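# Analysis of the macromolecular model
Here are the chains, one letter per residue:
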Protein chains: 4
Amino acid sequence: MNPTEAVPNTAIMALGPARVLSPLERKDPADGHWTSDEDRVVISVNPDDLMATIKDGETIPAFEMAGPRRKIYFDPSKLRCALVTCGGLCPGLNDIIRAIFLELYFNYGVKKINGIRYGLQGFIPRYGHDIMELTSESVSRILDMGGSILGSSRGPQPIEEIIDSLERMNIGILFMIGGDGTLMAATLIADAILARNLKIGVVCIPKTIDNDIYLVARSFGFDTAVDEATRAIRAAHNEAVGYPNGIGLIKLMGRHSGFIAATAALAKQEVNFVLVPEVDFDLEGEGGFLNSLEERVRDRGHAVVVVAEGAGQKFFAQDDRGRDPSGNIRLKDIGVYLKEKIADHFQALGVDATIKYIDPSYLIRSREANANDSVFCGNLGREAVHAGMAGKTRLLIGHWNNNFVHIPMAASAGKRKKIDPNGRLWRTVLDATGQGPLKNPGRV
Amino acid sequence: MNPTEAVPNTAIMALGPARVLSPLERKDPADGHWTSDEDRVVISVNPDDLMATIKDGETIPAFEMAGPRRKIYFDPSKLRCALVTCGGLCPGLNDIIRAIFLELYFNYGVKKINGIRYGLQGFIPRYGHDIMELTSESVSRILDMGGSILGSSRGPQPIEEIIDSLERMNIGILFMIGGDGTLMAATLIADAILARNLKIGVVCIPKTIDNDIYLVARSFGFDTAVDEATRAIRAAHNEAVGYPNGIGLIKLMGRHSGFIAATAALAKQEVNFVLVPEVDFDLEGEGGFLNSLEERVRDRGHAVVVVAEGAGQKFFAQDDRGRDPSGNIRLKDIGVYLKEKIADHFQALGVDATIKYIDPSYLIRSREANANDSVFCGNLGREAVHAGMAGKTRLLIGHWNNNFVHIPMAASAGKRKKIDPNGRLWRTVLDATGQGPLKNPGRV
Amino acid sequence: MNPTEAVPNTAIMALGPARVLSPLERKDPADGHWTSDEDRVVISVNPDDLMATIKDGETIPAFEMAGPRRKIYFDPSKLRCALVTCGGLCPGLNDIIRAIFLELYFNYGVKKINGIRYGLQGFIPRYGHDIMELTSESVSRILDMGGSILGSSRGPQPIEEIIDSLERMNIGILFMIGGDGTLMAATLIADAILARNLKIGVVCIPKTIDNDIYLVARSFGFDTAVDEATRAIRAAHNEAVGYPNGIGLIKLMGRHSGFIAATAALAKQEVNFVLVPEVDFDLEGEGGFLNSLEERVRDRGHAVVVVAEGAGQKFFAQDDRGRDPSGNIRLKDIGVYLKEKIADHFQALGVDATIKYIDPSYLIRSREANANDSVFCGNLGREAVHAGMAGKTRLLIGHWNNNFVHIPMAASAGKRKKIDPNGRLWRTVLDATGQGPLKNPGRV
Amino acid sequence: MNPTEAVPNTAIMALGPARVLSPLERKDPADGHWTSDEDRVVISVNPDDLMATIKDGETIPAFEMAGPRRKIYFDPSKLRCALVTCGGLCPGLNDIIRAIFLELYFNYGVKKINGIRYGLQGFIPRYGHDIMELTSESVSRILDMGGSILGSSRGPQPIEEIIDSLERMNIGILFMIGGDGTLMAATLIADAILARNLKIGVVCIPKTIDNDIYLVARSFGFDTAVDEATRAIRAAHNEAVGYPNGIGLIKLMGRHSGFIAATAALAKQEVNFVLVPEVDFDLEGEGGFLNSLEERVRDRGHAVVVVAEGAGQKFFAQDDRGRDPSGNIRLKDIGVYLKEKIADHFQALGVDATIKYIDPSYLIRSREANANDSVFCGNLGREAVHAGMAGKTRLLIGHWNNNFVHIPMAASAGKRKKIDPNGRLWRTVLDATGQGPLKNPGRV
């Protein structure tokens, strides 16, 4: 999972020199030690790489470490902050909202904290969404709820109107939680802020249930998604073994990267085939998926197939796919397509197969975070506040080699993390499923 | 939920006179009291009904009570029994299998117990399914698994071949667990057994996750289904409130009766509309569903709709619906249909609605039973064994006014329990959702 | 589970004649039919009992049926209601609070609804607890929370001060949710109201997680308690089979009645011994518990024991047990006692047994209701409102033969429902565990 | 979480030179790349540390990377392996057993795999435990079960008898899954094997639900434990807010390290005090726990306290604590002790506090692994097999900086990982609970 391309040690942008506030305003951390702007986390953990870099006289590629800074840029008593959640629901949004609020309110003493309703729409007056004034009460007991108490929406909004809105509300730090499109919007917003010479920080927490953000080892909600996905796998397995020639087919999230599908298959080893966007496969012909599936069903009487939503898009004509309001290409539904192809295949063989198709998408996205994601989201929220209060901007909070780090928006935007078809994860999936390179469908 | 039509006090069919086995062979129940063939449970609990019946000189309509009989018909040391599960999966199948096995094996001393694989197919040699020899080990720890360890299948099989198979295996009691179609098959099997003058008992445990068997107050798996369905409702609610004009649409099981949809809506009071087969509704026009939904969304910004799969079938042309292998009319997918209609409606209005559609069907059917259903299934299994050992046949085990009872197959087959649109359950649903007669969509 | 003693058909007390309000004030139920004060549910479902009663010229013992009445006593626009929850936590309290609120607010139009904080303490000024003004918002999303949003407390409070408080607040209907002690207090309150000639109705919803209220077939929270208790049984089983001579011991709730212990044991058939207050047992001697346990462990290598908290109190000297603030006799901890006795027994034998003790009490009591209990609690709340609005008082809402009924407080208070050691439930437990009359510890 | 002490790059011990088996015997990994014995993972991720080390001319401290080797030492067709699980139950044991079996059986072709029953006892003939012959069937569906299908036991057994047993059974690789004591035993076993000049590999997978193994960033079962612990916290919170001056007290696992307590508190931010072994605290006096708790309860009406079992051992006299059969010092029960101290404190104040104590220990330990731990355990099992097949011995499988690594037994045994009271984790706990240095009990 190491990046193939080193990211330079560039400083994160800051709004300006920060100052030390009086001790009354700024609580010392328990240990009396602040994180310094010079603290770093190496990107690669391969000693040979590191040696080589150093011998070449280069600095070691590393990320700036996240954490509370001794000096902060904003005066908490005067600061107003805003939070916005964009795009699809993802477990943990409320955890992050709560953590940002609590850190700002109790530890930095910022009392004016606004929730923007329904994503970027909330900035645009003509939608008529009210601004929420967040309070200690409004964020209590929200951890057990899925979704986002702020609401969300898809799609871009006019950048200049957003900036107008930020100015009108007198926002000092904008916390944006969202995916790819949101990172792009955040960059544009940060640029426009610069152009207008405003003192507004923009701090992003990358959201992708697919876990496919470049340079971000783990994104929140992913662990919960895998947890919940295993319920669907268990259901599919029960259905598959419950009938002669039973086939359970589950479509899981993963537009460009099959991490959820691959990881869930490792958690419940009843999966016999995993199909992901990163690994090409054919339906027909020897070694094709349908023949492999047929072989497995003939040998063992049943099979369980997990397909990531972005897999096999080559089977659809390119031209007729539009884009959703967030600008994502609309994917053809590979789940429904496979279900029909499988049915046709077995019908042609004269075999009475029973195919059960499960699409648990919204059951997963709308869940509350599990304990692991709750802890992770709490940390993301707190680190975002530390970064924002220190006057840093145009960055996102990442997690790398077990440390929270600052990543320049520019370094990550527009690139994706993908399963390496030659790497450990995929090899383990092949082992665990026994699917081979679609030639030798497995056991169990 | 009282039946509109009284069922006579007819004796349950028996294979012949039973005899008292020696005490060594037959353990006394703890209290030294056996259930008598004269024990009854009244059908109606309305005292006026009962008074009137008695005054007319009639006997009170009542069911024979289930329970262990002092005299049994079969000699446990020579008896071989068979179990078969038919039709769709339903939570609790494994609980029943286990209870039948344990009761036969430990309490009656029957050691030869066969599991028939994959429903009625298992009786037909050309399918080549092996017979399972059930053992104490093979039924341990199966309560935590969903599905059926025997497997199942849909569709009828030649009755005479089934009887041949029963004779060949030398079965004394056949336990059948299945739905409507299975009850019909069971009746035919019992008839054919009679015609051949065989001494084989047939005892059914009615299975319908929809809870729609006539004269059966509660069917196993229903409670678990409602439990699991509430997860989908919570997900739909989170998605609905998560977006401007968010609409969560859940399709739940219920081909002819909307009990799951109605009961789940009462459990999670975030549902605004419940559509069931028993209550007609229009889509268009004033007071139609779409306008009511539109009004609700306009007022409250979001809505949650639960539709039973059998609702609104009038919207589909009658002629093009086939039947599935069990002989059930194939229903058109009202969920997908509604989703499109809703999308069209809001698009025509120029309102940007977000519709999330959830179909949790297999996630529900394949679940293990919850504690309540486990207890219930354990009792059903044990009562089935008591009835079978006493030589009773052509009956099903029911539950009425809190007692387990024997119901003649003929009394229940081919009729269905339905929600009374003028009864308490539906009135409560209207209250709880506030949907009114689709004119006054609710609150929350 | 039928009562051994018939309850006469006495009318429920009412505050005075009710009147028909204008249609504008009172919505018709969906079916246009109201429940009449003459509607009844028979108590026994045994036709012979019924026949005999009728032949003796008696009326059939029956309960008044719950439901909305055509005539109501209070003018909703002027009415103020109060809710109070007393005693230990129980799953479903919030469901009932919410249902009472919604029914009053939306269906009867009562807008002034108070929550009394921390049980009866909330009526007594010196405790200084504020009164909660319940709103639509304050009851939303409380179903997913365990506990009670009103809080609770144990112990009696001066009746006259409570009445003073009701007068001062101008309460018309008081809804009390609580156990035994609360029913007693409710009776005293109702008496004192009568003595002062006040027009205040008192409607109780009986709460007992133990399910031991006389004449109440099922009490809310019990189903959830059994559900949660099975988690402890599974844990105990895993621990027991995990070690040589492993013994898992679980203490479950049940001060006077072992319904939770018995029912949970039926749900998870890994239990080998169930000890309840209703069935006497010895520890020592042949056929005593310890020898039976020893035999079971010797035969099978492990054992799981469930003990209800009220079992085996005879082992403790009577004199040194005080009472808790609710007036309940303090039970000695039979769980800890048994654990030590078992340890001593095996140590004396020279057998290295591993005993794992689990007391899940608060994990169970504090849980949110499961779907089944949520539906049940919603109905209890609505029926309580119907009864209260009709001017009925001194009653509790019960559930009998699948109908909600009105039970005069006097008929139920001070008596308890218990497991019949000669009845079906206990016989089934003996069958399922194989524990016999503590002589023949079971299988699995 | 970086170690303060560097571990040298010492090679892991091996049984002898490995050889390349024929391609028929050894499947290529999907990518055609094997892990090399030279692959390494750096220990520190701090670039300054790394730079400094290199400038000093040292090699960078790093671990040998785990993974499949091209050359293997054993001939799969002749090899017999054994698995044993020791010590307390921990979520994931069955996942590891299954993964080791499947990897050996299907990917290496080893067909003779034995399960040793009940820990080290299983090697000792006088206990009379049978050896299990593991089969594909015996490991199917065990993932949903907690505990260990092999069983476990505590305490040491004579090393020479264990070796005799290994020789008698003709074991080639012994996989040991256990905690501290097991690591010590494993080292002794490996030494004795060497002394006898036997060709038996010993590969350990460290087990500690407390997550306190030195040089092991994460141990299996920990994530599940935290997940399950949050249920207890939620229960305690519901009980605490349910009564006037309500206090919920939860004891969690953590003999020497409070990772579970600290992490669970971060997952559910309703905890107000976390007490762990690593951070000293007083009960009495200003800034002592009892006064801080009193202050919190006075301010907010309730409090939730989490205490790790090893916290506050200084309150007990040192002399009277024995050791359990595994040699662990018996801890005094800090939970029960605190409960009494809190009760006394509030009684002395004349405040009527309600204290609810929850000890969920066995409910946590006996759980099945969650998805995250299942994936992790699957990997641990597979890596153990790769190491063992390559002829490596005297090592444990660890996880460091997101890679699986080989750790020499000697490097880890006898040391513990602990919470750094000045580090990020504890600082975050102080922030999240608001407990301060026990002077300023928190909010919510």
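Residues numbered from 1 in each chain as written. Chains lettered and ligands numbered in written order. Predicted model: local features only at pLDDT ≥ 70, side-chain atom pairs only at ≥ 80, totals over all residues. Heavy atoms only, no water.

### Concerning the overall build of chain A
Looking only at helices and strands, one finds 12 helices and 13 strands in chain A. Contacts in chain A between residues far apart in sequence, at least 24 positions, make up 77% of those at least 6 positions apart. Of the roughly 15,500 Å² of accessible surface on chain A, a fraction of 49% belongs to carbon and sulfur atoms. (Helix = DSSP H or I, 4+ residues; strand = E, 2+ residues; numbered from the N terminus. Contact = heavy atoms within 4.5 Å. Areas by Shrake-Rupley, 256 points an atom, 1.4 Å probe, with all protein chains shown as cover.)

### Digging into the packing of helix α7 (residues 289-300) of chain B against helix α8 (residues 334-349) of chain B
Residue and element names in this part refer to chain B. Two elements in contact, α7 and α8, have axes whose closest approach is 11 Å; the angle formed by their N-to-C orientations is 60°. One element, α7, and the other, α8, form an angle in the oblique class. Our pair here, α7 against α8, has a crossing hand that is right-handed. Facing α7, whose interface residues are Phe 289, Leu 290, Asn 291, Leu 293, Glu 294 and Val 297, α8 presents Leu 338, Lys 341, Ile 342, His 345, Phe 346 and Leu 349. (Axes fitted to C-alpha atoms, helices over the stretch in contact; angles between N-to-C directions. Parallel < 35°, antiparallel > 145°, perpendicular 65-115°, else oblique. Left-handed = near helix turned anticlockwise from the far one by under 90°.)

### Looking at the interface of chain B and chain C
In this assembly, 61 residues from chain B lie in contact with 60 residues from chain C. Where chain B abuts chain C, roughly 5,200 Å² becomes buried across the two surfaces, and 52% of that area is made up of carbon and sulfur atoms. In this structure, the connection of chain B to chain C is made through 6 salt bridges. Applying the counting criterion to the chain B and chain C interface returns 16 residue pairs in polar contact (both at pLDDT 80 or more). When contributions to the side of chain B that touches chain C are tallied by element, the ones reaching two or more residues are β1 (40-42), α1 (47-55), α2 (93-108), α5 (222-241), α6 (259-267), α10 (371-389) and α12 (424-433) of chain B. Looking at the side of chain B that touches chain C element by element, the count peaks at 8 residues for α10(B). Looking at the side of chain B that touches chain C residue by residue, the class counts come to 24 nonpolar, 20 polar and 17 charged. (Buried area = accessible area lost by both parts, 1.4 Å probe. Salt bridge = Lys/Arg side-chain N within 4 Å of Asp/Glu carboxyl O. Polar contact = N/O pair within 3.5 Å; in protein donor to acceptor, adjacent residues only side chain to side chain. Nonpolar A, V, L, I, M, F, W, Y, C, P; charged D, E, K, R; others polar.)

### Some remarks on the relation of the copies chain A and chain D
Least-squares fitting of chain A to chain D yields an RMSD of 0.1 Å, with the superposition described by an axial translation of 0.1 Å and a rotation of 180°. Here the two chains are linked by the operation of a two-fold rotation axis. Across chain A, the smallest distance between a C-alpha and the rotation axis is recorded for Asn401(A), namely 2.6 Å. Here 100% of the interface residues in chain A have copies in chain D that are interface residues too; the copies meet face to matching face. (Least-squares fit on C-alpha atoms with pLDDT ≥ 70 in both.)

### Some thoughts on the packing of aromatic side chains
All names here are of chain A. Enumeration over the complete set of coordinates arrives at 40 aromatic pairs over all chains. With centroids separated by 5.0 Å and ring planes inclined at 20°, the aromatic side chains of Phe 101 and Tyr 105 adopt a geometry described as stacked. On the criterion of helical spacing, the pair formed by Phe 101 and Tyr 105 is a turn pair, its members being 4 residues apart in helix α2 (residues 93-108). Each residue in the set Phe 273, Phe 281, Phe 289, Phe 315, Phe 316 and Tyr 337 is aromatic and connected to the rest through ring pairs, giving one cluster. One Lys or Arg, Lys 111, reaches over the ring of Tyr 105 and ends 3.8 Å from the middle of that ring. The side chain of Arg 117 reaches across the aromatic face of Tyr 118, ending 4.5 Å from its centre. (Phe/Tyr/Trp six-rings, centres within 6.5 Å; stacked < 30°, edge-to-face > 60°. Lys NZ or Arg CZ within 6 Å of the ring centre and 35° of its normal.)

### Some thoughts on the interface of chain A and chain D
On the chain D side, the residues contacting the 60 residues of chain A number 62 residues. Here chain A is connected to chain D by 6 salt bridges. For Arg424(A), the salt bridge identified is with Glu383(D), shortest N-O distance 2.1 Å. Scanning the region where chain A abuts chain D turns up 16 residue pairs in polar contact (both at pLDDT 80 or more). Looking at the side of chain A that touches chain D, the elements that each hand over two or more residues are β1 (40-42), α1 (47-55), α2, α5 (222-241), α6 (259-267), α10 (371-389) and α12 (424-433) of chain A. Of the residues assigned to the side of chain A that touches chain D, the class counts are 24 nonpolar, 19 polar and 17 charged.

### Considering helix α4 (residues 180-195) of chain D
What sets the pattern is the α-helix's 3.6 residues per turn: residues three or four places apart point alike. For α4(D), built from 16 residues, the straight-helix expectation of 22 Å at 1.5 Å per residue is met to within 8% by its first-to-last C-alpha distance of 23 Å. The first or second residue beyond α4(D) is Asn197(D), which carries a positive phi of 60°. (Expected span 1.5 Å × (residues − 1).)

### Some thoughts on the pattern of salt bridges
Counted under the stated rule, the structure contains 101 salt bridges over all chains. Taking the shortest distance from any N to any O, the salt bridge between Glu239(A) and Lys356(A) comes out at 2.7 Å. Pair noted here: Glu239(A) is in helix α5 and Lys356(A) is in strand β11 (residues 354-358), with a separation of 117 residues, a long-range link. You'll find Glu239(A) and Lys356(A) in the same group, each marked buried. The residue Arg416(D) makes a salt bridge to Asp212(D) at a minimum N-O spacing of 3.4 Å. (Buried < 20%, exposed > 50% of the residue type's maximum accessible area, 1.4 Å probe, protein only.)

### Structural notes on the relation of the copies chain B and chain C
Superposition of the two copies of the chain requires a rotation about an axis together with a shift along that axis. Superposing chain B onto chain C requires a rotation of 180° together with a translation of 0.0 Å along the rotation axis, leaving an RMSD of 0.0 Å. Interface overlap between copies: 98% of the residues of chain B at the interface are likewise at the interface in chain C, consistent with a symmetric, same-surface contact.

### Notes on the sheet that holds β1(A)
Residues and elements named next belong to chain A. Strand order across the open sheet formed by 9 strands is β1-β2-β13-β12-β7-β6-β3-β4-β5, with mixed pairing between neighbours. Two strands in the sheet have a free side with no partner beyond their single neighbour: β1 and β5 (131-133). Here the strands of the sheet are splayed against their neighbours by 35° on average, with no regard to which way each runs. (Pairing = 2+ DSSP bridges.)

### As for the confidence of the model for chain A
Residue and element names in this part refer to chain A. In the predicted model, chain A carries a mean pLDDT of 88, and the fraction of residues at 70 or more is 90%. Confidence drops under pLDDT 50 across residues 438-444; counting only partners more than four residues distant or on other chains, this segment forms 37 contacts. In the predicted assembly, ipTM is 0.91 and pTM is 0.93. (pLDDT = per-residue confidence, 0-100.)

### A look at empty space enclosed by the protein
Approximately 90 Å³ is the volume attributed to the second largest cavity. Taken together, Glu228(C), Arg231(C), Ala232(C), Pro360(C), Leu363(C), Glu228(D), Arg231(D), Ala232(D), Pro360(D), Leu363(D) and Ile364(D) make up the lining of the second largest cavity. Those elements that place two or more of their residues in the lining of the second largest cavity are α5 (222-241) of chain C together with α5 (222-241) and α9 (361-365) of chain D. A per-class count over the lining of the second largest cavity returns 7 nonpolar, no polar and 4 charged. (1 Å grid on protein atoms, 1.4 Å probe; cavity = no way out; pocket = protein on both sides within 12 Å on 5 of 7 lines; lining within 4 Å. Points joined across faces, edges and corners; volume = space filled by probe spheres on them.)

### Points about unusual backbone geometry
Residues and elements named next belong to chain C. Phi angles above zero are rare outside glycine, and Arg 141 is one such case at about 60°. Assignment of secondary structure puts Arg 141 in the loop between β5 (132-133) and α3 (159-169). Since its relative accessible area comes to 23%, Arg 141 is described here as partly exposed. Positive phi is not limited to glycine here, since Arg 394 has a value of about 55°. For Arg 394, the location among the structural elements is in the loop between α10 (371-389) and β12 (395-400).

### Comments concerning the pairing of strand β2 (residues 62-65) of chain A
Residue and element names in this part refer to chain A. Judged from the 3 bridges that link them, β1 and β2 form a sheet pairing that is antiparallel. Across the sheet, the residue bridging to Val 41 is Phe 63, located in β2. With 2 bridges joining them, β2 and strand β13 (residues 403-408) adopt antiparallel strand pairing. If you follow Met 65 over to β13, its bridge partner there is Val 405.

### Some thoughts on the environment of Arg365(D)
Residue placement: Arg365(D) occurs in helix α9. Between the C-alpha atoms of Arg365(D) and Arg141(D), which are 224 residues apart in sequence, the distance is 19 Å. Setting aside chain neighbours within four positions, we find Arg365(D) in contact with Glu239(C), Leu89(D), Cys90(D), Pro91(D), Ile209(D), Met253(D) and Glu309(D).

### A few points about the sheet that holds β12(C)
Residue and element names in this part refer to chain C. Taken in spatial order, the 9 strands make up an open sheet running β1-β2-β13-β12-β7-β6-β3-β4-β5, and their pairing is mixed. Only two strands of the sheet have a single partner each, and these edge strands are β1 (40-42) and β5. As paired strands, β12 and strand β13 (residues 403-408) are joined by 6 bridges and run antiparallel to one another. By the bridge assignment, Leu 396 is partnered in β13 with Ile 407. Its contacts with the sheet put helix α4 (residues 180-195) on β6 (173-178), β7 (201-206) and β12, and the angle it makes with β7 is roughly 170°.

### A closer look at a negative patch on the surface
Side chains of Glu38(B), Asp39(B), Asp48(C) and Asp49(C) sit close together on the surface and give a patch of like negative charge. On the secondary structure map, Glu38(B) appears in the segment before β1. Using a relative accessible area of 59% as the deciding quantity, one classes Glu38(B) as exposed. (Patch = residues over 30% accessible without salt bridge, like charges linked within 9 Å, V, L, I, M, F, W, Y side chains within 5 Å. Lys, Arg positive; Asp, Glu negative; His and termini not counted. Charge placed at Lys NZ, Arg CZ, Asp CG, Glu CD.)

### Side note on the pairing of β12(C)
All names here are of chain C. Burial runs high along β12: 6 of the 6 residues are buried. The two faces of β12 match: Leu 395, Ile 397 and His 399 on one face and Leu 396, Gly 398 and Trp 400 on the other face are all buried. Where β12 folds back on β13, the antiparallel hairpin that results is connected by 2 residues, among which Asn 401 adopts a positive phi of roughly 45°.

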